[in-house]
Amino acid sequence: MILAFLPAVFFGWALGRNDAANIYGTTVTNGLLNYRFAAITASLSIIAGAIIGGRNGLETLASLSSQTLVSAAIVAAAAGLSVIILNHFGLPVSSSQAVVGAIMGIGLLNGSVDWFVVAKIVICWITTPLGAALLGYVLYRIIARFFRRIKSIVVQDITLKALAIVIGILGSFALGANNVANITGTFVGSISIDEAALIGGLSIAAGAIIFSKKVMYTVGKRIVSLEAFSAVVAVLAQSLTVLIYAYIGVPVSVSQAIVGAVVGVGLARGSRNFDGRLIRRILLGWLQTPLIAGCVSASLFAIFSFFGLS
């Protein structure tokens, strides 16, 4: 039984490695936070978020399709491999779409897919970057008014660093609460929700300790250039977006949320200097992720079934 959870631990590590970079990319690359400090605070906050706020998402993914312990392990392995492959090319990958694609791959073979839950999840995927962009735009306009009233550069710097710490913790908490379902949601039934939250949270936290600087650079610098204040607002918008969906009970992509937030903040400050080619690559990655994960999981499940192991 313990061996069945190894793919989930691997997937959690991959998710934490990818998505912690999306939370801290804009603030670390702007020099507001130290890389090591960001990694440690992220890991602790992720565990707290998974345990405190992960229940709704775990229940949603558990209801998407019926799973055995073996098929749940195959889902985790297929999703983790898909994330690593796409992450290798420097793309912010949707871990949520990877796991749902992997579940669908097996579910279609078994004829055990809840299409109502699928529709709910897809709608939330679509609204995630749009909502984050809107939040980023509005929050920048509101917070900038108050921040500009601070005349002292020293006070501005202290304020920004304090905000970066608080918002980073909030974002990491939201990551744990929202995305723990991606790691162990399919195991619910074989284990309790509390056990699934703990195992998933620890796995994501392990990945956050050594998250990807390559993806961090992609998100923090190349979509649109953000100065320190704008970077903090973007992370706030992303964090609130992900946290809202955590309590709705639908795991969504931190990658999509931060991209949307960065674009929204960029528009609010009058920037039009977007890297359109990179955004198109990211969109392509989002479309490819569930398809690749679904194909991998279906293939693995077919192999296991052939040998009578499923």
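Whatever comes next refers back to the structure up there.
Residues numbered from 1 in each chain as written. Predicted model: local features only at pLDDT ≥ 70, side-chain atom pairs only at ≥ 80, totals over all residues. Heavy atoms only, no water.

S.K.: Sorry, what's going on with the overall build of the chain here?
M.R.: Looking only at helices and strands, the chain features 12 helices and 0 strands. Mapped in sequence order, the helices and strands of the chain form the string α-α-α-α-α-α-α-α-α-α-α-α. Structurally, the chain occupies a C-alpha span of about 70 × 35 × 30 Å along its principal axes. Burial analysis of the chain (310 residues in total) assigns 57% to the buried set. Taking the contacts inside the chain whose residues are at least 6 apart along the sequence as the reference set, 88% of them involve residues at least 24 apart. Accessible surface computed for the chain: about 12,600 Å², of which carbon and sulfur atoms make up 70%. When the 19 positive and 8 negative side-chain charges of the chain are each reduced to one mean point, those points stand 16 Å apart. (Helix = DSSP H or I, 4+ residues; strand = E, 2+ residues; numbered from the N terminus. Buried < 20%, exposed > 50% of the residue type's maximum accessible area, 1.4 Å probe, protein only. Contact = heavy atoms within 4.5 Å. Areas by Shrake-Rupley, 256 points an atom, 1.4 Å probe, with all protein chains shown as cover. Lys, Arg positive; Asp, Glu negative; His and termini not counted. Charge placed at Lys NZ, Arg CZ, Asp CG, Glu CD.)

S.K.: Can you help me understand the packing of helix α7 (residues 153-184) against helix α10 (residues 228-248) in this one?
M.R.: When two helices pack together, their arrangement is captured by the angle between the axes and the distance separating the axes. α10 packs onto α7 with a crossing angle of 25° between their chain directions and a minimal axis gap of 8 Å. When the axes of α7 and α10 are compared, the pair comes out roughly parallel. For α7 against α10, the interelement crossing comes out left-handed. Residue-level contacts link Leu160, Leu163, Ala164, Ile167, Leu170, Gly171, Phe173, Ala174, Leu175, Ala177 and Asn178 of α7 to Ala228, Phe229, Val232, Val235, Leu236, Ser239, Leu240, Val242, Leu243, Tyr245, Ala246 and Tyr247 of α10. Its residues placed into classes, the contact of α7 with α10 shows 20 nonpolar, 3 polar and no charged. (Axes fitted to C-alpha atoms, helices over the stretch in contact; angles between N-to-C directions. Parallel < 35°, antiparallel > 145°, perpendicular 65-115°, else oblique. Left-handed = near helix turned anticlockwise from the far one by under 90°. Nonpolar A, V, L, I, M, F, W, Y, C, P; charged D, E, K, R; others polar.)

S.K.: Can you walk me through the pattern of salt bridges in this structure?
M.R.: A side chain of one charge can pair with a side chain of the opposite charge if their charged atoms are brought near each other. Evaluation of the coordinates by the stated rule reveals 3 salt bridges. Residue Arg55 pairs with Glu59 through a salt bridge whose shortest N-O separation is 3.9 Å. Placement of the pair is Arg55 and Glu59 together in helix α3 (residues 55-64), with a separation of 4 residues, close to one helical turn. Its relative accessible area of 40% is what places Arg55 among the partly exposed residues. Salt bridges linked by common partners bring Arg55, Glu59 and Asp194 together as one network. (Salt bridge = Lys/Arg side-chain N within 4 Å of Asp/Glu carboxyl O.)

S.K.: Can you walk me through the side chain of Ser94 in this structure?
M.R.: Residue position: Ser94 is located in the loop between α4 (69-88) and α5 (95-110). Of the residues examined, Ser94 reaches a relative accessible area of 0% and is grouped as buried. Polar contacts involving the side chain of Ser94 include one to the main-chain amide nitrogen of Gln97, which spans 3.0 Å. Not counting residues up to four positions away in its chain, the partners in contact with Ser94 are Ser253, Gln256, Trp286 and Thr289. (Polar contact = N/O pair within 3.5 Å; in protein donor to acceptor, adjacent residues only side chain to side chain.)

S.K.: Explanation requested: the nonpolar core in the structure shown.
M.R.: Grouped together as the largest cluster of nonpolar side chains are 88 residues, with contacts concentrated most on Leu61, Leu64, Val99, Val100, Ile121 and Phe187. Per-element accounting of this core gives the leading share, 11 residues, to α10. Ignoring any residue separated from it by four or fewer positions in sequence, one finds Leu64 in contact with Val100, Ile103, Ser112, Val113, Asp114, Val117, Val118 and Ile121. (Core = buried A, V, L, I, M, F, W, Y, C linked by side-chain atoms within 4.5 Å.)

S.K.: Sorry, what's going on with the packing of aromatic side chains here?
M.R.: Any two aromatic rings considered together are summarised by their centre-to-centre distance and by the angle between their planes. Summed over the entire model, instances satisfying the criterion amount to 4 aromatic pairs. Arranged with centres 5.6 Å apart and planes meeting at 55°, the rings of Tyr140 and Phe229 form a pair that is tilted. Within this pair, whereas Tyr140 is found in helix α6 (residues 115-147), its partner Phe229 is found in helix α10, the two being separated by 89 residues in sequence. Consider the rings of Phe147 and Phe229, whose centres lie 4.6 Å apart with planes at 20°: the pair is stacked. Within this pair, whereas Phe147 is found in helix α6, its partner Phe229 is found in helix α10, the two being separated by 82 residues in sequence. Exposure class is identical for Phe147 and Phe229. Each is buried. Among the aromatic residues, ring-to-ring pairing joins Tyr140, Phe147 and Phe229 into one connected group. (Phe/Tyr/Trp six-rings, centres within 6.5 Å; stacked < 30°, edge-to-face > 60°.)

S.K.: Mind showing me how you'd approach a nonpolar patch on the surface here?
M.R.: Together, Leu134, Tyr137, Val138, Ile142, Phe146 and Leu267 line one region of the surface with nonpolar side chains, adding up to about 540 Å² of accessible area. In terms of residues, the nonpolar patch owes the most to one element, α6, which gives 5 residues. As for its position among the elements, Tyr137 is in helix α6. (Patch = residues over 30% accessible without salt bridge, like charges linked within 9 Å, V, L, I, M, F, W, Y side chains within 5 Å.)

S.K.: Explanation requested: helix α11 (residues 254-268) in the structure shown.
M.R.: Since the α-helix advances by 3.6 residues per turn, residues separated by three or four positions end up pointing in the same direction. Along its 15 residues, α11 runs 21 Å from first to last C-alpha, staying within 8% of the 21 Å computed at 1.5 Å per residue. Counting buried residues in α11 gives 13 out of 15 residues, a clear majority hidden from the surface. Where α11 begins, the capping side chain belongs to Ser253, and its oxygen is found 3.0 Å from the backbone nitrogen of Gln256. Phi turns positive, to about 85°, at Gly270, one or two residues after α11. (Expected span 1.5 Å × (residues − 1).)

S.K.: How should I be thinking about α7 in this particular structure?
M.R.: The end-to-end C-alpha distance of α7, which contains 32 residues, comes to 46 Å, matching closely the 46 Å that a straight helix rising 1.5 Å per residue would cover. Remark: the principal bend of α7, roughly 40°, maps to Asn178. The N-cap of α7, judged by a side-chain oxygen 3.4 Å from the amide nitrogen of Val154 a few residues on, is Ser152. (Bend = angle between axes of the 7 residues up to and from the residue.)

S.K.: Is there a simple way to explain the side chain of Thr184 in this structure?
M.R.: If you trace the backbone, Thr184 turns up in helix α7. Here Ala196 takes part through its backbone oxygen, which lies 2.6 Å from a polar atom of the side chain of Thr184.

Geometry only, nothing functional implied.
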